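# Structural characterization, general
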Amino acid sequence: MCDAKLSLREVSSAYIHNGRILPVLDTISMQVKEGEFVSLLGPSGSGKSTLLKIIAGLIKPDAGSVFLNGKELKGTIVKMGYMPQKDLLLPWKPLLYNAALPLLAQGTGKKEAYNKVRELLPVFGLEGFENSYPSQLSGGMRQRAALLRTVLIDSEVMLLDEPFGALDALTRERLQEWMLKIWDHFKRSVIFVTHSIDEAIYLSDRIYMISELPGKIVLEQAINLPRPRARDIVLSPLFTEYKQNLMTALANETTWGNS
Ligand SMILES: Nc1ncnc2c1ncn2[C@@H]1O[C@H](COP(=O)(O)OP(=O)(O)OP(=O)(O)O)[C@@H](O)[C@H]1O
Ligand SMILES: [Mg+2]
């Protein structure tokens, strides 16, 4: 049917809110190729998290289909590396357990699960913190721990819902650079949700922009910046051109302008 790793065909979804139907997603079609980094950019409340939950199989869409490797996912349980908008680390458990949780839940033995986590701790800059509780970790470390947990699920697609949304600008930039290294290392297809135009351009091969409710894809923008990307690529004329394009599209699509 198509050569995409993941594709959505005319997905629509609504919630019931105060007894009324609230349409949230309107005929969303998009694709992610093998190993591609795709961002979903849009204003708050535009249905981005809902879309990720549909792809992860947590919500059933009212219409449309999701395909993985050309096969429709019809209530099929597939392993998706899904990182929800909140890191959801258990405060009363140490990092080692928190990171191993999805493996343990899948029935992997404790020893094997812990060994897999320990192997990855240095890659995620968390070596020496395996016995720390979430409250003893910085915001950036917690996000890295949540990402480690997502990567551990041996899935073909990673769904990341605003993983850096709550961080200060400097930490966020550092994690973006690190994210690109991780992505290069694990070679997974990624859907990355963000509000930030700069973050989306810096990280992505392609960006889908979604409108305010009901969320519709209003722009698909390929990002042809060379890789690997150094930080100063944000100063290049091509980066600025993409940014201008996306800012204009966002301003046209939101009632609150391009803030
Ligand atoms: N479980 C639910 N029941 C009813 N309405 C919901 C539910 N979850 C989300 N909504 C509504 O659906 C709309 C889209 O929510 P969603 O969380 O998908 O947006 P979002 O784009 O991820 O927002 P943000 O960028 O702020 O995270 C919002 O208006 C929200 O109030
Ligand atoms: Mg959200």
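That block above? That's the structure.
Residues numbered from 1 in each chain as written. Chains lettered and ligands numbered in written order. Predicted model: local features only at pLDDT ≥ 70, side-chain atom pairs only at ≥ 80, totals over all residues.

### Examining the overall build of the protein
Which entries qualify depends on this criterion: Helix numbers and strand numbers start at the N terminus; a helix is a DSSP run of H or I with at least 4 residues, a strand a run of E with at least 2. Based on C-alpha atoms, the radius of gyration is set beside the globule rule, defined as 2.2 Å times the residue count to the power 0.38. Every C-beta atom is placed from the backbone, and the number of other C-beta atoms within 10 Å of a residue's own sets its class: buried at 20 or more, exposed at 12 or fewer, partly exposed in between.
Of the regular secondary structure elements, the protein holds 7 helices and 10 strands. Here the C-alpha atoms of the protein give a radius of gyration of 18 Å, agreeing with the 18 Å that 2.2 N^0.38 yields for 259 residues. Across its three principal directions, the C-alpha atoms of the protein cover 50 × 45 × 40 Å. Looking at the 259 residues of the protein, the share that counts as buried comes to 34%.

### What about the site of ligand 1?
Heads up, the condition is: The C-beta atom of each residue is placed using the backbone, and any residue whose C-beta lies within 6 Å of a molecule or strand is treated as near it.
Taken together, 15 residues sit near ligand 1, with Tyr15, Ser44, Lys48, Ser49 and Thr50 positioned nearest. For the shell around ligand 1, the secondary-structure elements that each account for two or more residues are strand S1 (6-17), strand S2 (20-32) and helix H1 (48-55). Counting residues per element, the shell around ligand 1 draws most heavily on H1, which supplies 3 residues.

### Remarks on the sheet that holds strand S4 (residues 63-68)
So the rule is basically this: Here, strands pair whenever DSSP counts at least two bridges between them. Whether two residues are in contact depends on their C-beta atoms, placed from the backbone: they are in contact if these lie within 7 Å. Interaxial angle, 0 to 180 degrees, is taken between N-to-C directions of lines fitted to C-alpha atoms, where a helix line uses only the stretch in contact.
Read from one edge to the other, the open sheet built from 4 strands follows the order S2-S1-S4-S5, with strand pairing classed as antiparallel. Here the strands that pair on one side only, and so sit at the sheet edges, are S2 and strand S5 (71-72). With 9 bridges connecting them, S1 and S2 associate as antiparallel partners. From the neighbouring strand, Val11 faces S2, where its bridge partner is Ile28. Docked against the sheet, H1 engages S1, S2 and S4, running at close to 65 degrees with respect to S2.

### Looking at the environment of Ser132
Within the fold, Ser132 resides in the loop between helix H3 (110-120) and helix H4 (139-152). Taking the C-alpha atoms as reference, Ser132 lies 8.4 Å from Lys93; in sequence the two are 39 residues apart. Filtering out sequence-adjacent residues up to four positions away, Ser132 remains in contact with Pro94, Leu95 and Leu137.

### Side note on the packing of H4 against helix H5 (residues 169-186)
The test is simple: Any angle that falls under 35 degrees is termed roughly parallel, while one over 145 is termed roughly antiparallel, one within 65 to 115 roughly perpendicular, and all others oblique. Each helix crossing is assigned a hand: it is left-handed if the near helix lies turned anticlockwise from the far helix by less than a right angle, otherwise right-handed if that turn is clockwise. By the convention adopted, Pro, Cys, Tyr, Trp, Phe, Met, Ile, Leu, Val and Ala count as nonpolar, Lys, Arg, Asp and Glu as charged, and the other residues, Gly among them, as polar.
Remark: H4 packs on H5, axes separated minimally by 11 Å, with the N-to-C direction vectors making an angle of 20 degrees. Relative to H5, the element H4 is oriented roughly parallel. Both H4 and H5 take part in a crossing whose hand is right-handed. Residues Gly139, Gly140, Gln143 and Val151 of H4 form the contact with H5, whose participating residues are Thr171, Leu175 and Phe186. Of the residues in the contact of H4 with H5, the class split is 3 nonpolar, 4 polar and no charged.

### Topic: the nonpolar core
What counts is decided by this rule: To form a nonpolar core, buried Ala, Val, Leu, Ile, Met, Phe, Trp, Tyr and Cys residues must be joined through C-beta atoms within 7 Å.
Among the nonpolar cores identified, the biggest contains 62 residues, and Leu52, Ile55, Leu148, Leu159, Val190 and Ile191 are the most heavily contacted of them. Broken down by element, this core gets its largest block of residues, 6 residues, from H4. When near neighbours in sequence (up to four residues on either side) are disregarded, Leu148 contacts Ala99, Leu120, Phe124 and Leu126.

### Some thoughts on the packing of helix H2 (residues 95-105) against H4
At a closest axis distance of 8 Å, the pairing of H2 and H4 adopts a crossing angle of 30 degrees. The pairing of H2 with H4 is recorded here as roughly parallel in orientation. For H2 against H4, the interelement crossing comes out right-handed. On H4, the residues touching Leu95, Asn98, Ala99, Leu101, Pro102 and Leu103 of H2 are Ala145, Leu148, Arg149 and Leu152. Looking at the contact of H2 with H4 residue by residue, the classes come out as 8 nonpolar, 1 polar and 1 charged.

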